[in-house]
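Now for the letters of each chain:
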Amino acid sequence: MAEIASYRDLLAWQQAVDLAAALYGLTRDWPRDEMYGLISQTRRASVSVAANIAEGYGRDNLGAYVNFLKIAQGSLKEVETHLIIAERVGIARGEDTAPYLARCESVGKLLRALVRKLEEQRS
């Protein structure tokens, strides 16, 4: 197993950054009248996932780190919800959002595993 010297070494952070960048591409094709609605909310929430992983890593306290990872999990659920709403209101098609929802699931699994590992260290 590779040494973790930075939050940038975390697979969860790497995948979260990739997801955010990909979502910028997806939302580029959404209607302009959603610029301050679903586009902005989806982008903001996706960026928040990676940012909270990084911010938590930078804390001096394991409990704070876990808390930030849980905030990242919440932001990830926000992204999923925005994608589902975009489908339901006809902004995006299910076949377009499905790969992003799958990526959300992957990041979510990594976050859950990281939280479990850190909580074991706290015990």
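Right above here is the structure, for reference.
Residues numbered from 1 in each chain as written. Predicted model: local features only at pLDDT ≥ 70, side-chain atom pairs only at ≥ 80, totals over all residues. Heavy atoms only, no water.

1. Description of the pattern of salt bridges
Next up, step 1: A full pass over the atoms with the stated rule returns seven salt bridges.
Next up, step 2: The residue E119 makes a salt bridge to K70 at a minimum N-O spacing of 3.1 Å. Residue E119 is located in helix α4 (residues 94-122), and its partner K70 is located in helix α3 (residues 62-88); the two are separated by 49 residues in the primary sequence.
Next up, step 3: Classification of E119 as partly exposed rests on a relative accessible area of 29%.
Next up, step 4: Across the salt bridge formed by R93 and E95, the nearest N and O atoms sit 3.5 Å from each other.
Next up, step 5: Sharing partners across several salt bridges, the network here consists of R93, E95 and D96. (Salt bridge = Lys/Arg side-chain N within 4 Å of Asp/Glu carboxyl O. Helix = DSSP H or I, 4+ residues; strand = E, 2+ residues; numbered from the N terminus. Buried < 20%, exposed > 50% of the residue type's maximum accessible area, 1.4 Å probe, protein only.)

2. Here's the deal with the nonpolar core
Next up, step 1: Formed by 33 residues in total, the largest nonpolar core has its most connected members in W30, V49, I53, L69 and L111.
Next up, step 2: For this core, the elements supplying multiple residues, two or more each, are α1 (11-28), α2 (38-57), α3 and α4.
Next up, step 3: Contacts of I53, omitting those with residues within four sequence positions, involve L10, A12, W13, A16, Y65, L69, A72 and L111. (Core = buried A, V, L, I, M, F, W, Y, C linked by side-chain atoms within 4.5 Å. Contact = heavy atoms within 4.5 Å.)

3. Examining the environment of G63
Next up, step 1: Locating G63 in the fold gives a position in helix α3.
Next up, step 2: Note on G63: relative accessible area 25%, which makes it partly exposed.
Next up, step 3: Along the primary structure G63 and N52 are separated by 11 residues, whereas in three dimensions their C-alpha atoms are 14 Å apart.

4. So, the packing of aromatic side chains
Next up, step 1: What the rule picks out here adds up to three aromatic pairs.
Next up, step 2: Ring geometry for Y7 versus Y57: centroids 6.3 Å apart, planes at 65°, classification edge-to-face. With Y7 in the segment before α1 and Y57 in helix α2, this pair connects stretches of sequence that are 50 residues apart.
Next up, step 3: Clustering of aromatic rings is evident, with ring pairs tying together Y7, W13, Y57 and Y65. (Phe/Tyr/Trp six-rings, centres within 6.5 Å; stacked < 30°, edge-to-face > 60°.)

5. Details of the environment of L62
Next up, step 1: Checked against the element boundaries, L62 lands in helix α3.
Next up, step 2: Considered as a pair, L62 and R122 are 60 residues apart in the sequence and their alpha carbons are 7.3 Å apart.
Next up, step 3: When residues no more than four places from it in sequence are discounted, the contact partners of L62 are L118, Q121 and R122.

6. Some words on the side chain of S48
Next up, step 1: On the secondary structure map, S48 appears in helix α2.
Next up, step 2: Here S48 falls in the buried class, since its relative accessible area comes to 16%.
Next up, step 3: At 2.9 Å, the side chain of S48 and the side chain of N52 are in polar contact. (Polar contact = N/O pair within 3.5 Å; in protein donor to acceptor, adjacent residues only side chain to side chain.)

7. Comments concerning α3
Next up, step 1: Here α3 is 27 residues long and its end C-alpha atoms lie 39 Å apart, about the 39 Å a rise of 1.5 Å per residue gives.
Next up, step 2: All buried positions along α3 are accounted for by Y65, V66, F68, L69, A72, S75, L76, V79, E80, H82, L83 and A86.
Next up, step 3: Each element contacted by the buried residues of α3 is listed here: α1, α2 and α4.
Next up, step 4: Here α3 starts with a cap whose side-chain oxygen sits 2.6 Å from the backbone nitrogen of G63, and that cap is N61.
Next up, step 5: Of the residues trailing α3, G90 is marked for its positive phi of about 85°. (Expected span 1.5 Å × (residues − 1).)

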